Each structure stands twice: as structure tokens, then as C-alpha cells.
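Topology and contacts: notes
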Amino acid sequence: MKTGALFRRGMLHGIPIGLGYLSVSFGFGILAVKSGLSTLQATLISLLNLTSAGQTAGVGVITAGGSLAEMALVQLTINIRYALMALSLSQKLSPRFSLPHRLAAAYGITDEIFGVCAARQEPIEPPYMYGMILVATAGWVSGTFLGAFAGSLLPPRITAALGILLYGMFIAIIIPPAKKHKSILFAVLCAAALSIVCKYALPMLSEGFAVIICGIAASVAAALLFPRKEDAA
Amino acid sequence: MSVAIYIAVMAGVTYLIRALPFGFFQKKIKSQFLRSFLYYIPYTVLSAMTFPAILYSTGSTVTAAVGTGVALILAYFGLPLIVVALAASLAAFLTGLFL
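Below is a short write-up of the structure. These numbers were taken from a predicted model, which means no experiment stands behind them.

**Side note on the overall build of chain A**
Along the backbone of chain A there are 11 helices and 0 strands. Ordered by position from N to C terminus, the α and β elements of chain A give α-α-α-α-α-α-α-α-α-α-α. Seen along its three principal axes, the alpha-carbon backbone of chain A occupies a region of about 60 × 50 × 35 Å. Counting all 233 residues of chain A, 52% fall into the buried class.

In C-alpha cells form, the structure reads like this:
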């Protein structure tokens, strides 16, 4: 297939992702502005990071005045899954994927883009991935801008309710697999319980570090009790 | 500290996490423990981020609790991410009208 056709196909496959991102990043924009960031800062964060959980936690670190080491560790812990996805995806790239292409397309490895690319039968071509990343990023960045900008124009009742948007999405990500696998259910419950303990029993622990400690502890427990047999990433 | 420095660190770390394995690694991780650990990380991190923070996300524990309940139920029935997220928001909003 020609480069243009591949690019257009990638854009087409990216439309549902972009639309989904648009509404969720609206919530991020509101949250960021509520936390004291400017519209420009919020939009810039979305353009440079393209990830919901990492950005939300990152804004938490900024608001709390955490250290840069904490910021780096928080991002490393929350986004380490992208390294796994990148590893897995690197196995199914077409020969056209030279190092510069890999370094450029790496920017756009998100849960959803990985999901769509990993499900394809044929090797992934650079223009296909670029098309998808373009549409997804456009949705993510414009949604953030609108949320950050219009967040202050909307009635407080509505912006308050939109604050739950991202958390609702996180729930939608973790519940279906937890329903299917008791190992994931265990991991999720373990992490939630630890996090609740941290919040109320150890209030001096910053939110970012609490997430790292709870996430790592619960994952170690789950990996020991429920080691994964299959090869899936 | 300047917000720009935070944003630079955040973006730099996030990019390297994606780019280093995508650009340079070709081997597979062999350790079963490590693979299992990495497999669970996204779920535990999202869970730890959500609970109990979600209860403080709307400025009212009551509206947030209703939104959380709606999200849990709809997610249990496997509805799409966007539907779950928007319904949680709507539920919190509607509950707020009665407070």
C-alpha cells in the first residue's frame, strides 16, 4: 500500500480514539486548571505527554510542590506499561520502521493506539501509525485546551461533576479485566486497600509516592501469588 | 519551582519510557516474576490513583460516591470507557442538584 493510503487508513482507525480522548482530556483540562495550572501549561502537558494517568499524577506532584525526583519516579511507575507495549509492538514493525521512525512513533504509544496496532494482522508501517497518532493527539490536545479554557466559563456545578471524569475512565479500564481474572481483582483490591491506608493512616506520605508504593507492593504480591504463565505482555 | 521544569521532566521521562524499548530493545523479558509484575502494574497503579482520591474529585463526597457507584456498575457490565466516564459525571451532577 502507498504511503498516503496507509496514512489515511491510520487516521480513519484513529477517529474513535481521538473522539474518546477529546472528552476525557476535557476532564484533564478542568482538573489541571483547578489545580492552579494555566490553560497553556495544561495544553502543553497534554501535547508533550499524551497519557491520562501519568498527567493526572504529574499535576498532583506539581500542586503538592513535590521534588523532581518524585515527578520522575511517579512517571516511571505509572508509565512503565508503555515500555512493555513498546517492546511488544517492536516485534511486529515492518522493515520500513528505521530507527528515526521508531523514535518518532514512540511518542504515540498509548493504551489505545497500542491496542489497535497490536490487534492488526499485517506488520505496522510508519505512515499508518503516524496517521493514527495525529488524530489521537489532535483529540487529546484540543480536548485539554477546551476543558482548561471553558472550565472557568462553565457553571461550578458542572465543572465539579466533570472532576470525576478521568477517575470514571480508570474504573472502566480496571473493572472488566478484574471481573475476568481473579489475579487482577486481587491486585486491584490490594492496591486500593493500601492506598486507602496510606491516605488516612500515613497522611505525611505525598500522593505521588503513595501511588508508587501501593502500585509496586500490590503488583509484587500479585506476581508472587499469581505468576503469569502465558507469554502475553 | 518553575512549572516548566516539572513539565520538562515529566515529558522527558514519559518519552524515554516509550522510545528506549521501541527504538533499541529487541529481546523478550524472560523472568516470569518480572513479566508478571509488569503485567499487574497498570491495574494496581490505576486502582491506587482512583481510591480513595475519586471521593474528593467533585468537591462533595456524596456526589462523588454516587458517581463512583455508577462507574463501578457500568464498568462491571463492560460499557465503553467514555460511556462509563460520562455517566459517572452525569450521576455526580444530578446528585448535586438535590443537595
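**Structural notes on a nonpolar patch on the surface**
All names here are of chain A. A contiguous nonpolar surface patch, about 780 Å² in accessible area, is contributed by L12, I15, L19, L22, F145, L146, F149 and L153. Breaking the nonpolar patch down by element, the ones donating at least two residues are α1 (3-34) and α7 (126-150). At 4 residues, the largest contribution of residues to the nonpolar patch is made by α1. The topology assignment puts F145 in helix α7.

**Focus on empty space enclosed by the protein**
Where empty space is left becomes clear once a probe the size of a water molecule has been rolled over the atoms. Residue and element names in this part refer to chain A. Here the structure, examined in full by the defined rule, presents 1 cavity of 30 Å³ or more. For the largest cavity, the calculated volume is near 100 Å³. Around the largest cavity, the lining is made up of 13 residues, and of these Y21, T51, S52, Y82 and E112 lie nearest the centre. Of all elements in the fold, only α1, α4 (68-90), α6 (111-118) and α9 (165-180) reach the threshold of two or more residues within the lining of the largest cavity. Across the lining of the largest cavity, the residue classes tally to 7 nonpolar, 3 polar and 3 charged.

**Some words on the packing of aromatic side chains**
Scanning the entire structure with this criterion turns up 9 aromatic pairs over all chains. Arranged with centres 5.6 Å apart and planes meeting at 55°, the rings of F186 of chain A and F226 of chain A form a pair that is tilted. Of this pair, F186 of chain A sits in helix α10 (residues 182-201) while F226 of chain A sits in the segment after α11 (207-225), and the two are 40 residues apart along the sequence. According to the relative accessible area criterion, F186 of chain A is partly exposed, its value standing at 27%. Between Y76 of chain B and F77 of chain B, the ring centres sit 5.5 Å apart and the planes meet at 90°, which makes this aromatic pair edge-to-face. For Y76 of chain B, a relative accessible area of 43% puts it in the partly exposed group.

**A closer look at the pattern of salt bridges**
Residues and elements named next belong to chain A. Under the counting rule described, the total for this entry stands at 3 salt bridges over all chains. With a closest N to O distance of 2.8 Å, R81 and D111 form a salt bridge. Of this pair, R81 sits in helix α4 while D111 sits in helix α6, and the two are 30 residues apart along the sequence. Put simply, E125 and R96 hold a salt bridge, and the shortest N to O gap is 3.4 Å. One end of the pair, E125, is in the loop between α6 and α7; the other, R96, is in the loop between α4 and α5 (99-105), with 29 residues separating them in the sequence. Exposure remark for R96: the relative accessible area of 38% places this residue in the partly exposed category.

**A look at the layout of surface pockets**
For the largest pocket, the calculated volume is near 770 Å³. Lining the largest pocket are 31 residues, with G60, Y167, K199 and E207 of chain A together with A53 of chain B sitting closest to its centre. Contributions of two or more residues to the lining of the largest pocket are made by α1, α3 (52-64), α10 and α11 of chain A together with α2 (32-50) of chain B. Top contributing element to the lining of the largest pocket by residue count: α3 of chain A, with 7 residues. Classifying every residue of the lining of the largest pocket gives 18 nonpolar, 9 polar and 4 charged. Both of domain 1 (3-164) and domain 2 (181-233) of chain A provide at least three residues apiece to the lining of the largest pocket.

**A closer look at the interface of chain A and chain B**
With 101 residues of chain A at the contact, the number on the chain B side is 66 residues. The contact between chain A and chain B buries some 7400 Å² in all, and 74% of this surface belongs to carbon and sulfur atoms. The largest contributions to the chain A side of the interface with chain B come from I164, I171 and R228 of chain A, which together make up 9% of the buried area. Taken together, the connections running from chain A to chain B amount to 0 salt bridges. Here chain A and chain B share 25 residue pairs in polar contact (both at pLDDT 80 or more) between them. No other element matches α4 of chain A, which puts 17 residues into the side of chain A that touches chain B. Looking at the side of chain A that touches chain B residue by residue, the classes come out as 65 nonpolar, 25 polar and 11 charged.

Parameters and conventions
Residues numbered from 1 in each chain as written. Chains lettered and ligands numbered in written order. Predicted model: local features only at pLDDT ≥ 70, side-chain atom pairs only at ≥ 80, totals over all residues. Heavy atoms only, no water. Helix = DSSP H or I, 4+ residues; strand = E, 2+ residues; numbered from the N terminus. Buried < 20%, exposed > 50% of the residue type's maximum accessible area, 1.4 Å probe, protein only. Patch = residues over 30% accessible without salt bridge, like charges linked within 9 Å, V, L, I, M, F, W, Y side chains within 5 Å. Areas by Shrake-Rupley, 256 points an atom, 1.4 Å probe, with all protein chains shown as cover. Salt bridge = Lys/Arg side-chain N within 4 Å of Asp/Glu carboxyl O. 1 Å grid on protein atoms, 1.4 Å probe; cavity = no way out; pocket = protein on both sides within 12 Å on 5 of 7 lines; lining within 4 Å. Points joined across faces, edges and corners; volume = space filled by probe spheres on them. Nonpolar A, V, L, I, M, F, W, Y, C, P; charged D, E, K, R; others polar. Phe/Tyr/Trp six-rings, centres within 6.5 Å; stacked < 30°, edge-to-face > 60°. Domains from an automatic or database assignment. Contact = heavy atoms within 4.5 Å. Buried area = accessible area lost by both parts, 1.4 Å probe. Polar contact = N/O pair within 3.5 Å; in protein donor to acceptor, adjacent residues only side chain to side chain.

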